[in-house]
Amino acid sequence: MKKMIPVLLTSIILSGAFSLSTSPDINAATKSPEEEFSSKRESMVQTQIKARGIKDHSVLAALSKVERHRFVPARYLDLAYSDQPLPIGEGQTISQPYIVALMTELLALQGREKVLEIGTGSGYQAAILAETAKEVYSVEIVEVLASRAGKLLLELGYQNVKVRTGDGYLGWPEAAPFDAIIITCAPDHLPPPLIDQLKEGGRLVVPLGHRHAQGLKLITKHAGKLHSTNIIPVFFVPMTGDGIKKKQ
């Protein structure tokens, strides 16, 4: 029997060691593609998410349920549950599963909130939010991505997600205020419109900073004042649009 060598997969944020068994899976040949994806998804949750300290049951349940392989391009299907971000076209990526879980957990959702997402991308984060909140409003500046994600989310049955093309810097003012805001692209400063749209007592999670010096931050709003907590260093695509350009 050929001996398999343990492989170390690294992510942008953290490293995860995955030991591959030296014994062949006798059931592998009989598994359907969906069963294979389901097995990989559960392994992802156990080894990449729970093992790194994510404890929120609703977040873990969402990561176990939402089929990440539906949100990645066909050529990356084999990597759909790997410990890394993946390209989705238009210079954008679907985030590393752990980062999706961490950012969602930081919002401390109870299932009754209205959430604003800036940067729909593939729609995967929006699907996770749809499983953990009451309503999700998602803004994507790239029209082709917004259209694709919106159609996929409806196809998957997410009636509580609204997606539109727009400048995320400006948020979604007519739907404000929001209990929570998650920004999945990196601005170099907190956009004032988003601060205004955050409800009193609300939580905002954002990768803040320039391309090579970003930090994930949890922002809370109390008595009109913002309180910031540093979480971990991260690396996200930068926020784009007229709003951010005017402030630079």
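Notes on the structure in this doc start here.

Cut-offs used in this document
Each residue is numbered by its place in its chain's sequence as written, counting from 1. Predicted model: local features are reported for residues with pLDDT of at least 70 only, side-chain atom pairs are reported and counted for 80 or more only, and whole-chain, interface and lining totals are derived from all residues. Side-chain figures throughout are based on the complete set of non-hydrogen atoms in the structure, without hydrogens or water. A pair of strands counts as paired when DSSP detects no fewer than two bridges linking them. Note on conventions: DSSP H or I runs of at least 4 residues are helices, E runs of at least 2 residues are strands, and numbering of each starts at the N terminus. Angles here are taken between N-to-C directions and fall from 0 to 180 degrees, while the axes themselves are lines fitted to C-alpha atoms, restricted in helices to the stretch in contact. In this description, contact between two residues means that some pair of their heavy atoms is separated by no more than 4.5 Å. By definition, a salt bridge exists where a carboxyl oxygen of Asp or Glu is found within 4 Å of a side-chain nitrogen of Lys or Arg. Each residue's exposure class comes from its accessible area (1.4 Å probe, protein chains only) as a fraction of the maximum for that residue type: buried when under 20%, exposed when over 50%, partly exposed otherwise.

### With respect to the sheet that holds strand E9 (residues 198–210)
Point 1. Sheet architecture is open: seven strands sit in the order E7-E6-E5-E8-E9-E10-E11, paired in mixed fashion. Each of the sheet's edge strands pairs with one partner strand only, and the pair in question is strand E7 (161–165) and strand E11 (225–234). Across the sheet, the mean angle from the axis of one strand to that of its neighbour is 15°, orientation sign disregarded.
Point 2. Relative to E7, strand E6 (residues 135–140) runs parallel, the two sharing five bridges. Across the sheet, residue Glu140 finds its bridge partner in E7, namely Thr165.
Point 3. Against the sheet, helix H3 (residues 97–106) makes contact with strand E8 (178–183), E9, strand E10 (213–222) and E11, and its axis sits at roughly 160° relative to E11, the strand it touches most.
Point 4. Of the strands in this sheet, strand E5 (114–118), E6, E7 and E8 are in contact with helix H4 (residues 124–132), which crosses E5 at around 170°.

### Topic: the pattern of salt bridges
Point 1. Summed over all chains, the structure comprises six salt bridges.
Point 2. Among the salt bridges present, the one from Asp83 reaches Arg52, with a minimum N-O distance of 2.7 Å. Taken together, the positions of Asp83 in the loop between helix H2 (57–65) and strand E3 (86–89) and Arg52 in the loop between helix H1 (33–49) and H2 put the pair 31 residues apart, joining distant regions of the chain.
Point 3. Taking the relative accessible area as the measure of exposure, Asp83 reaches 2% and is therefore buried.
Point 4. Overall, the relative accessible area of 18% leaves Arg52 in the buried class.
Point 5. The partner of Arg164 in a salt bridge is Glu174, with the nearest N and O atoms 2.5 Å apart. Highlighted residues: Arg164 in strand E7 and Glu174 in the loop between E7 and E8, separated in sequence by ten residues.
Point 6. In this structure Arg164 comes out as partly exposed when scored by relative accessible area, which is 27%.

Keep in mind these numbers describe shape, not what the thing actually does.
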